[in-house]
Structures are given as structure tokens and as C-alpha cells.
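Descriptive structure summary
The lines below spell out each chain.
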Amino acid sequence: MKSTLRTGLQASRRLVLDDSRVISFMGDDCRVYATPSIIYDVEWCCHDMLMEHLDAGEDSVGTRVDVEHVGAALLGSEVEVTVVIEQLEGRRVRWRATVRDSDGEVLRGMHERFIVDTEKVRQRLGRKAVRSEEHTSELQSRET
């Protein structure tokens with residue numbers, strides 16, 4: 001982690017809402033920004049900003065999301081995702097997040113990420129994959 005990482009840093013991203021980001025289950029006249037898509041966009045905004053301040057071999061994983069979806073943004077509208085680092089605690093980074101369209105606030109909340117060593121994560125996930133394969137094999141042998 002570089003010394004440039006500090007509270008108060010801010011990043012923004014503008015997006016036009018396409019089919020992949022809106023709900024479809026309420027009909028064509030109610031195609032609005034889906035909450036899971038908003039969270040995804042907030043996470044990526046935080047991740048991309050954080051990567052500018054990490055050393056080689058470091059990345060981050062999301063660990064917490066607490067949001068209020070307070071307004072509707074329509075299919076085709078432009079939104080702005082803004083994140084501000086509010087707290088740094090060791091390798092834990094907490095952002096305040098807001099999403100707005102031309103009509104006002106769409107989402108407000110908090111996102112937290114943890115800075116990780118990518119090689120250690122790969123090793124841990126590799127061990128987990130082996131255990132999962134062993135467990136699956138054991139279950140399959142019981143069924144036969």
C-alpha cells in the first residue's frame with residue numbers, strides 16, 4: 001500500500017444505464033437501475049480508485065456494503081457514482097458512496113474493502129478448491 005492512500009480521496013464515474021443494469025420484471029415502463037447493479041458499480045469505482053494506491057501484488061476484496069436505494073434512475077439515463085474514503089484502518093478501507101442522476105439522489109451508503117496480497121489469496125483459494133473437489137467426490141461415492 002502506497003503512502004498516497006488517505007482519507008478524503010474521492011473518485012467519480014459516469015455511466016449510462018443500459019439493459020444490463022436495469023430491472024425488467026415490472027415491465028418496459030419500469031426499467032430502473034437495479035440495486036445489485038448499483039452496488040456492483042459502487043464496488044468497481046472503489047476498486048479502481050484503490051488500485052492507483054496499491055503496490056504490485058496487492059488488490060482488494062469487498063467485505064461490507066450498507067446502502068439505501070432512495071430513488072429511481074431510468075433506463076438510458078446518466079448516473080454519477082461518487083465514492084469518498086472516510087476511514088483507513090490498517091488494510092481496511094471504508095468509503096461513503098452516493099449515486100445521483102439528473103433528478104437527484106438514487107443511492108447513498110457505505111462500502112468497505114480489504115487490501116489483500118494476491119498470491120496469498122490464490123494459495124488459499126487453491127486449497128479450498130482441493131477440499132471442495134474432495135468433498136464432491138466423497139458425496140458422489142456415497143450416492144453410488
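Calculation rules
- Residues numbered from 1 in each chain as written.
- Predicted model: local features only at pLDDT ≥ 70, side-chain atom pairs only at ≥ 80, totals over all residues.
- Heavy atoms only, no water.
- Patch = residues over 30% accessible without salt bridge, like charges linked within 9 Å, V, L, I, M, F, W, Y side chains within 5 Å.
- Areas by Shrake-Rupley, 256 points an atom, 1.4 Å probe, with all protein chains shown as cover.
- Salt bridge = Lys/Arg side-chain N within 4 Å of Asp/Glu carboxyl O.
- Lys, Arg positive; Asp, Glu negative; His and termini not counted.
- Charge placed at Lys NZ, Arg CZ, Asp CG, Glu CD.
- Helix = DSSP H or I, 4+ residues; strand = E, 2+ residues; numbered from the N terminus.
- Core = buried A, V, L, I, M, F, W, Y, C linked by side-chain atoms within 4.5 Å.
- Buried < 20%, exposed > 50% of the residue type's maximum accessible area, 1.4 Å probe, protein only.
- Contact = heavy atoms within 4.5 Å.
- Pairing = 2+ DSSP bridges.
- Axes fitted to C-alpha atoms, helices over the stretch in contact; angles between N-to-C directions.

1. Looking at a positive patch on the surface
Side chains of R124, R127, K128 and R131 sit close together on the surface and give a patch of like positive charge. Tracing the backbone through its elements, the reader meets R124 in helix α2 (residues 118-143).

2. Focus: the environment of S20
Within the secondary structure, S20 sits in the loop between β1 (10-16) and α1 (35-51). Residues S20 and H47 lie 27 residues apart in sequence; the distance between their C-alpha atoms is 20 Å.

3. Thoughts on the nonpolar core
The biggest cluster of nonpolar side chains holds 26 residues, and the ones touching the most others in it are Y33, V42, V81, V83, W95 and V99. Among the elements of the structure, β1, α1, β3 (78-89), β4 (92-101) and β5 (104-117) are those that each provide at least two residues to this core. Ranked by the residues each element gives to this core, the list is headed by α1, at 6 residues. Leaving out residues up to four positions away in the same chain, V99 has contacts with Y33, I38, V42, V79, E80, V81, G104, E105, V106 and L107.

4. Thoughts on the sheet that holds β4
In space, the 5 strands of this open sheet follow the order β1-β3-β4-β5-β2, with antiparallel pairing throughout. The two strands at the open ends of the sheet, each matched to only one other strand, are β1 and β2 (58-69). Across this sheet, the average inter-strand angle for adjacent strands is 25°, counted without regard to direction. The pairing of β2 with β5 spans 11 bridges and is classified as antiparallel. Counted as the bridge partner of H69 is L107 from β5. Running at roughly 85° to β5, α2 makes contact with β2 and β5 of the sheet.

By themselves these figures say nothing about function.
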